[in-house]
Amino acid sequence: MYHLRLKGSHYEMGVKRGNIFNKGQLSFPLQLDNFQLEHGKQSEKILRTFFPEVCEEIRGVSDTIGVDYSYFVSWMLCMGCCMYNLEKNVPVEIRGCTAFAYSKGGKMIYGRNNDLPPYLRKGSKSEIYAPKGGNRFNITTSSFINGEEGLNEHGLAVAMTFVMTKLEKIQAGFNSCFIVRYLLEKADNTEQAIVLFSELPIASNCNILLADKSGRMVVVECTPSAKKIREAKKFGEDSIVCTVNSFISNEMKVYDDSNGNDYDSHKRYMVVMDSFTKYIKEDYIETTKQLLKGDYGFMCQYDNEPDFETVWSSIFDLKTLAIYRAEGDPRKKKFIVDNRLHDICLKDFV
């Protein structure tokens, strides 16, 4: 996993990344069909309306590596949305992740297994952003510029999970990974993120988890035509919310087009919810590690799935900004502390 730091204007950050790509002699398989190109063109207009800064960051990359901006941004906006010609494009659709957040014993903890084809493991990144005019944040991604999860300087965690969408239902708008990036950079807490998110056109089905250090946490179940806020479940003074690769709310299940091809989403969801009351005890970080490792039930045991595995696991302490990450299958890799976000924020008070 790469660990990059980016700061300055968005265009400058894009140029820095482009120079890294050039140094590594990286190329991109920008093979899009007419549907994808049109989707990208219309989605870029929406992205530019709400988040023009990130368009400049993408332009910084495309200018530096010498590719057409419109084609490059279209490719990025198809990620996790309509990359159906999988043999010609990367990344493939993201279908197997589990994310949750809980409040217990005065702690506010977030956890995730990010499940992908294993070839994406090597190129995954944990990046610290300090953009001019925006929040500082850590974002973890199998791509770049956008991401699957993150934590910002205010103690707000944002994460996505993929839900299958039929091609004819996909509309121009933000894909789930750009939603994560937008809210990390723009929102200070869950309520503010909900307000910002409510205005965004959504390209395809997804779940967005929002949790802040105060203990306010929700999952927003999204389609191009509807959004449903699912509140955390309460167990006395404790509470937890979890998202997988399906919709949990009864009224949203009709929009799920996976036909059960969701890598045991329901089983993973139930393991998280059952473990919260049975196993998540006083040593919250350690017991959350055990949960993500699959010690309490099926979470990352994809041994019988060809070309699919947990490529990283994360735990965030939203109050201290400490991050614990296993860079690979958590059954085989140790969780290492990442204090980069904590440390850059601490400097403000020294």
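That block above? That's the structure.
Reference entry: report on the structure contained in this document. Quick caveat, the model's predicted, so the values are computed rather than measured.

Overall, antiparallel pairing links the seven strands, which are arranged β11-β12-β2-β3-β13-β14-β15 in an open sheet. Two strands close off the open sheet at either side, each with one partner strand: β11 (233-235) and β15 (336-338). Between one strand axis and the next, the sheet turns through 20° on average, direction left out of account. Note: strand β3 (residues 107-116) against strand β13 (residues 309-317), eight bridges, orientation antiparallel. Bridging across to β13, N113 finds its partner in S313. Contacts between helix α7 (residues 265-278) and the sheet are confined to β2 (98-104), β11 and β12 (238-243), with β12 contributing the most and set at about 165° to the helix.

What follows concerns the nonpolar core. Counting residues in hydrophobic clusters, the biggest one holds 59 residues, and the most contacted among them are F72, W75, L183 and I208. If we ignore the near neighbours within four places in the chain, the residues touching F72 are F28, L30, I58, V61, S62, I65, V67 and F144. Counting 22 residues, the second-largest nonpolar core is a separate cluster that includes Y102, C242, I280 and A326.

Right, let's get into unusual backbone geometry. Of note in the backbone geometry, I145 takes a positive phi value of approximately 70° without being a glycine. If you trace the backbone, I145 turns up in the loop between β5 (137-141) and β6 (149-152). Phi is positive for N259, which is not a glycine, with a value near 55°. Its place among the elements puts N259 in the loop between β12 and α7.

Let us look at the sheet that holds strand β4 (residues 125-131). The mixed open sheet is built from eight strands, whose spatial order is β1-β4-β5-β6-β7-β8-β9-β10. This sheet does not close on itself; its edge strands, each paired only once, are β1 (2-8) and β10 (227-231). On average, each strand axis in the sheet is tilted by 15° relative to the strand beside it, whichever way the strands run. In this sheet, β6 lies alongside β5 in antiparallel orientation, the contact comprising four bridges.

In this section: the packing of helix α2 (residues 34-50) against helix α3 (residues 52-65). Contact geometry for α2 and α3: axes closest at 5 Å, N-to-C directions at 120°. With respect to each other, α2 and α3 are oriented oblique. Across from E44, L47, R48, T49 and F50 in α2, the residues of α3 making contact are P52, V54, C55, E56, I58 and R59. When the residues that make up the contact of α2 with α3 are grouped by side-chain class, the tally is six nonpolar, one polar and four charged.

Criteria and cut-off values
- Residues numbered from 1 in each chain as written.
- Predicted model: local features only at pLDDT ≥ 70, side-chain atom pairs only at ≥ 80, totals over all residues.
- Heavy atoms only, no water.
- Pairing = 2+ DSSP bridges.
- Helix = DSSP H or I, 4+ residues; strand = E, 2+ residues; numbered from the N terminus.
- Axes fitted to C-alpha atoms, helices over the stretch in contact; angles between N-to-C directions.
- Contact = heavy atoms within 4.5 Å.
- Core = buried A, V, L, I, M, F, W, Y, C linked by side-chain atoms within 4.5 Å.
- Buried < 20%, exposed > 50% of the residue type's maximum accessible area, 1.4 Å probe, protein only.
- Parallel < 35°, antiparallel > 145°, perpendicular 65-115°, else oblique.
- Nonpolar A, V, L, I, M, F, W, Y, C, P; charged D, E, K, R; others polar.

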